[in-house]
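Chain and residue survey
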Amino acid sequence: MLAGMTELITFGETPIRVSPPWARQFETAAEAELHADGTESNVAVAAACLGADCTWISKLPDTAPGRRIVRALQQRGVETEVGWVEDTGARLGVVYHEDAAEPRSAGTWHDRDRTTAATMAPGDVPMELVQNAEIIFTGATVPSLSDAAFETAEALHRAGGGAGATTALDLDLQPGHRDADALRDTVLRLTEHLDVLFANEETARSVLNRTGKPRELANGIAAEHDLEMVVVTRSEIGAVVLHDKPGTNVIHERKSLDTEVVDTTGQHEALVGGFLQRLLSKGDAAEALTCGVAMAALARTVPGPLLTVDPAQVDAVAEDVETP
């Protein structure tokens, strides 16, 4: 690969996730685990597991917690381009997450106001790197944080798309942090720069004010926003992808795999990362969806949001992914 080039660039915010181990409750837990947990960084790690060359772009406080985020990603093969802020008041977001076994419900609480990621400006981004990427990916949450963050995400998609990159966005609705209205406004302002959209089916309905089953959602969203691909995930049920080819719309659907569930927090991003990596390796939409569903299944079997997996494992699991 030429110097200064990367296959996948993700831009976003990665907070520290604090979680009591083994579904213990915050009120009584004596210890907690720390994880780097952000939509864009989780996607980059998943794609890097399969051999993609990935770079995560963000802005962080120059503190031990900020450096921990970078270390966690670099240890998993992701390059980082970070704007460091030395101001003592600079903030890194924190997410408190409590797993639970049935019938108790899991809980998530966000402490993510006024973080450094919200101050990212287009001038903070290495545009030469962006213009040499094959895929540009963001979640919708970060550009919804501030005008500056939106302008930065828009600049990345415009610059990357203008240079021939595939541009992708995930509707990463996070209740308690951002609401559907904020994400809706962001998505509608960004769609002219997008090729691919990812969404959970419930999120697609609430953010984009749509009705229907996953196939109908994918068709309607692609038609309304002139998107090349729309991927709609169905929690443990599976996923569909609509690929708008010249002259025809092709939909592929894959069933989920039954697994022992250890942690579901990273499964959606694992699917997205696997899907994007297969596109990078010149796979078609059907192959990409199969890989993504296999990655999501593997992600449910390991603790934490960052997936570490061998490509051979993914290929073996992908053989068991079925079409309904």
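In this report, we go over the structure that sits alongside the text. The written sequence of each chain sets the order in which its residues are numbered from 1. Where totals are concerned, whole chains, interfaces and linings use all residues; where local detail is concerned, this predicted model gives features only for residues with pLDDT of at least 70, and gives and counts side-chain atom pairs only at 80 or more. Hydrogens and water molecules were not included; the side-chain quantities draw on all heavy atoms of the structure.

On to the overall build of the protein chain. Under the DSSP-based scheme used, a helix requires at least four consecutive residues in state H or I and a strand at least two consecutive residues in state E, with every element numbered from the N terminus. Per the secondary structure count, the protein chain includes 10 helices and 13 strands. In this setup the radius of gyration rests on C-alpha atoms only. A globule is expected at 2.2 Å times the number of residues raised to 0.38. Here the C-alpha atoms of the protein chain give a radius of gyration of 18 Å, agreeing with the 20 Å that 2.2 N^0.38 yields for 324 residues. Once the C-alpha set of the protein chain is aligned to its principal axes, its extents read approximately 55 × 50 × 40 Å. Relative accessibility thresholds used throughout: buried, under 20% of the residue-type maximum; exposed, over 50%; partly exposed, between the two (1.4 Å probe, protein chains only). Looking at the 324 residues of the protein chain, the share that counts as buried comes to 56%.

What follows concerns the layout of surface pockets. Only protein atoms enter the 1 Å grid used here, on which a cavity is any set of points holding a 1.4 Å probe that cannot leave and a pocket is any open set flanked by protein within 12 Å on both sides along at least five of seven lines; residues with an atom within 4 Å of a point are listed as lining. Grid points are joined across faces, edges and corners, and a volume is the space filled by probe spheres set on the points. The calculated volume of the second largest pocket comes to roughly 190 Å³. Lining the second largest pocket are 14 residues, with Leu-34, His-35, Ala-36, Ala-72 and Arg-76 sitting closest to its centre. Sorting the residues of the lining of the second largest pocket by element identifies β3 (33-36) and α2 (64-74) as the ones contributing at least two each. Per-element tally for the lining of the second largest pocket: the top contributor is α2, with 4 residues. Polar here means any residue outside two lists: the nonpolar Ala, Val, Leu, Ile, Met, Phe, Trp, Tyr, Cys and Pro, and the charged Asp, Glu, Lys and Arg; Gly therefore counts as polar. Grouping the amino acids of the lining of the second largest pocket by side-chain chemistry returns 8 nonpolar, 3 polar and 3 charged.

Tallied over the full model, the rule gives 1 cavity of 30 Å³ or more. Volume-wise, the largest cavity comes out at about 30 Å³. For the largest cavity, the full set of lining residues is Glu-13, Pro-15, Asp-37, Gly-38, Thr-39, Glu-40, Arg-112, Thr-141, Val-142, Asp-172 and Gln-174. Taken together, the residues of the lining of the largest cavity break down into 2 nonpolar, 4 polar and 5 charged.

In this section: the sheet that holds strand β2 (residues 16-19). For two strands to pair, DSSP has to find at least two bridges joining them. Taken together, the 4 strands give an open sheet; going across it, the order is β3-β2-β6-β7, and neighbouring strands pair in mixed fashion. The strands lining the two open edges of the sheet, one partner per strand, are β3 and β7 (107-111). Within the sheet, the average angular offset between the axes of one strand and its neighbour, ignoring direction, is 25 degrees. When β2 meets strand β6 (residues 94-98), the two strands line up parallel, connected through 3 bridges. Across the sheet, residue Ile-16 finds its bridge partner in β6, namely Val-94. To get an axis, a line is fitted to the C-alpha atoms, and for a helix only the part in contact is used. The angle between two axes follows their N-to-C directions and goes from 0 to 180 degrees.

Now for the packing of helix α8 (residues 267-280) against helix α9 (residues 285-299). Closest axis-to-axis distance for the α8/α9 pair is 7 Å, and the angle between their directions is 145 degrees. Crossing angle aside, the handedness with which α8 passes α9 is right-handed. Two secondary-structure elements touch here, α8 through Gln-267, Ala-270, Leu-271, Gly-274, Phe-275, Arg-278 and Leu-279 and α9 through Ala-285, Glu-287, Ala-288, Leu-289, Cys-291, Gly-292, Val-293, Met-295, Ala-296 and Ala-299. Its residues assigned to classes, the contact of α8 with α9 comprises 12 nonpolar, 3 polar and 2 charged. Two helices cross in a left-handed way if the nearer one is turned anticlockwise from the farther one by less than a right angle. They cross in a right-handed way if the turn is clockwise. Contacts were defined at the residue level, with two residues in contact if any of their heavy atoms lie within 4.5 Å.

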